[in-house]
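Coordinate analysis (summary)
Letter by letter, the chains look like this.
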Amino acid sequence: MPAPVFLPESPEAAAPRVNLPGADLLRALAVAAVIYSHISFYVIDDLGSGWWVIDVVYGVLIEPAELNQHLSFVGVAVFMMLTGALVTRSAIRDGPGKFLTNRFSRLLPAFWVATAIAILLVRLGINGMFSGQEGISDTEALMSFFLGGFFLKPEVAVLGVTWTLTVQFLFYLACVAARPILRLRPIVMPLAGGALCSLVLLYNVYAPLPYTVPMLSKIAATLPAVFLGQIMYLAWAKLAPGRWLIVAVLVQMHVIIVATQFRVYWAGEHYLWTISVVAAAVVLIGRYDGVPTRWSVVKWLSTRSYIIYLVHTLILYRVVENTVLYVGPTLAFALFLLTTAAVAEIGYRWVELPGARAVTAWRNSRSRVASKHELVRRHSGTSVRKIHADRA
């Protein structure tokens, strides 16, 4: 069966809608996994102590399922797979300007505000850097607003969790660059992307140290999760033959194995299995439309998941550090969660939503102006042709 061929003038046929009613539930579970992961790292690795919740999670999820310690990469992998599954259709349908505006309008305002707060907290001596430096220079601070600090050697991270945005932004730009391929042979993108990720990993291993870029290995080791999400969409939408979907999955598995062997990952050797379990969960829960997908708490966590992701590490260490001696770990972490929820609500209502609306309004106004100019141009051209016709 030949791969589908789509023409530019038939966007509806090129990108069928695939409903994922379980996406909100997946986001809620993902943000919970990310928060747990950072709590577990903090308690075990930094404090050298324990907590009964960590014991329960280890006994129920990590040990029986053989997942990564701290549930490392579980939440990130869910978010990345959802990115690939949900964004690919828009990348095929929408023009580059609209596609990028839609993506960045939601992500950039909250990212910039969170980065500014992180820099301020470091400058005030309240928080430390996430990459070990004592402080951050003006140049490094400016670079942080554009994720540039992650590409320095040594890395400069004022807000460590935002490294995942480098993966998402690179994927968005790749979708724009590969749009003609996505519309003609969409399976080529995850195939070529996986091959390129392998080459990046090999380059950073064998190139002389001064010429390596460690962050590129981290991106290359994470992109397979995004490509697996893209493969899921192509399978659900029937946009690629089954045999090539299998090959594309095997290509991503190869990248994950190479990244594990070269120790690009940071929490053990179970990444292939962990990502496989996450992929199975996304496939099963993504199309699920049961009662839990409509719970209020699930909706709230889903819509605020991005803000929670951005700010939770800015809050975690200081809240727990200043309360745990007085109220114990359980209440300390409960206070952390309540504080994070309050900050996330403020950030969602006063930063994320207004920022997205402002960028969308700006894009729409530019589109209206461009349409008006196009109408004037066409009208002028018609009038000129009419005058020439009358003279003739």
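Overview of the structure. Quantities reported herein were computed from a predicted structural model and do not represent experimental measurements.

**Observations concerning the overall build of the protein**
Along the protein, the regular secondary structure elements total 14 helices and zero strands. Listing the helices and strands of the protein from first to last along the sequence gives α-α-α-α-α-α-α-α-α-α-α-α-α-α. The buried share of the protein, reckoned over its 392 residues, is 48%. Sequence separation of 24 or more characterises 76% of the internal contacts of the protein that already satisfy a separation of 6 or more. Summing over all exposed atoms, the protein offers an accessible surface of approximately 19600 Å²; the carbon and sulfur share of this is 67%.

**Details of helix 5 (residues 96-123)**
With 28 residues, helix 5 should cover 40 Å at 1.5 Å per step; its first-to-last C-alpha distance of 38 Å lies within 8% of that length. The largest bend in helix 5 amounts to roughly 40° and is located at Phe-104. At the exit of helix 5 stands Gly-125, carrying a positive phi of roughly 80°.

**Things to note about the side chain of Ser-302**
On the secondary structure map, Ser-302 appears in helix 13 (residues 296-303). Apart from the residues lying within four places of it in its own chain, the contact partners of Ser-302 are Asp-24 and Arg-27.

**What to know about the environment of Arg-179**
Here Arg-179 lies in helix 8 (residues 179-184). The spacing of Arg-179 and Arg-93 is 86 residues in sequence and 9.1 Å in space, taken between C-alpha atoms.

**A short note on helix 4 (residues 74-93)**
Taking 1.5 Å per residue, 20 residues should reach 28 Å; helix 4 reaches 30 Å between its end C-alpha atoms and fits that length. Largest kink in helix 4: about 35°, centred on Val-87. By the criterion of burial, helix 4 is predominantly enclosed, with 17 of the 20 residues buried.

**With respect to the side chain of Thr-83**
Examined against the element boundaries, Thr-83 turns out to sit in helix 4. Note on Thr-83: relative accessible area 8%, which makes it buried. In this structure Thr-83 touches Thr-88, Gln-168, Phe-171, Tyr-172 and Val-226, once residues within four positions along its chain are discounted.

**Remarks on the packing of aromatic side chains**
Applying the stated rule across the entire model yields 17 aromatic pairs. Both rings, one in Trp-51 and one in Phe-333, keep their centres 4.4 Å apart while their planes meet at 35°; by these two values the pair is tilted. Residue Trp-51 is found in the loop between helix 2 (23-46) and helix 3 (52-65), and its partner Phe-333 is found in helix 14 (residues 305-391); the two are separated by 282 residues along the sequence. Owing to a relative accessible area of 10%, Trp-51 belongs among the buried residues under this scheme. Here Phe-333 falls in the buried class, since its relative accessible area comes to 2%. Relative to Phe-169, the ring of Phe-104 has its centre 5.1 Å away and its plane inclined at 85°; by these criteria the two rings are edge-to-face. Note that Phe-104 is positioned in helix 5 and Phe-169 in helix 7 (residues 163-177), a separation of 65 residues in sequence. An aromatic cluster is built from Phe-73, Trp-163, Tyr-265, Trp-266 and Tyr-271, whose rings are joined through pairwise contacts. One cation-aromatic arrangement involves Lys-218 over Trp-163; the distance from NZ or CZ to the ring centre is 4.5 Å. In this structure, Lys-218 is placed above the aromatic ring of Trp-266, and the distance from its NZ or CZ to the ring centre is 5.2 Å.

**Digging into the environment of Glu-321**
Examined against the element boundaries, Glu-321 turns out to sit in helix 14. For Glu-321, a relative accessible area of 45% translates into the label partly exposed. Sequence separation of Glu-321 and Ala-332 is eleven residues, and the distance between their C-alpha atoms is 8.4 Å.

**Remarks on the nonpolar core**
Formed by 115 residues in total, the largest nonpolar core has its most connected members in Met-81 and Phe-171. In terms of residue count, helix 14 provides more of this core than any other element does, 17 residues in total.

**Overview of the pattern of salt bridges**
Applying the stated criterion across every chain, the model contains ten salt bridges. Residue Asp-24 pairs with Arg-27 through a salt bridge whose shortest N-O separation is 3.0 Å. Pair noted here: Asp-24 and Arg-27 are both in helix 2, with a separation of three residues, about one helical turn. Judged by relative accessible area, Asp-24 falls into the buried class, the value being 17%. Look at Arg-27 and you get partly exposed, because its relative accessible area is 22%. One continuous salt-bridge network, built from bridges that share partners, spans Asp-24, Arg-27 and Lys-299.

The rules behind the values
Residues numbered from 1 in each chain as written. Predicted model: local features only at pLDDT ≥ 70, side-chain atom pairs only at ≥ 80, totals over all residues. Heavy atoms only, no water. Helix = DSSP H or I, 4+ residues; strand = E, 2+ residues; numbered from the N terminus. Buried < 20%, exposed > 50% of the residue type's maximum accessible area, 1.4 Å probe, protein only. Contact = heavy atoms within 4.5 Å. Areas by Shrake-Rupley, 256 points an atom, 1.4 Å probe, with all protein chains shown as cover. Expected span 1.5 Å × (residues − 1). Bend = angle between axes of the 7 residues up to and from the residue. Phe/Tyr/Trp six-rings, centres within 6.5 Å; stacked < 30°, edge-to-face > 60°. Lys NZ or Arg CZ within 6 Å of the ring centre and 35° of its normal. Core = buried A, V, L, I, M, F, W, Y, C linked by side-chain atoms within 4.5 Å. Salt bridge = Lys/Arg side-chain N within 4 Å of Asp/Glu carboxyl O.

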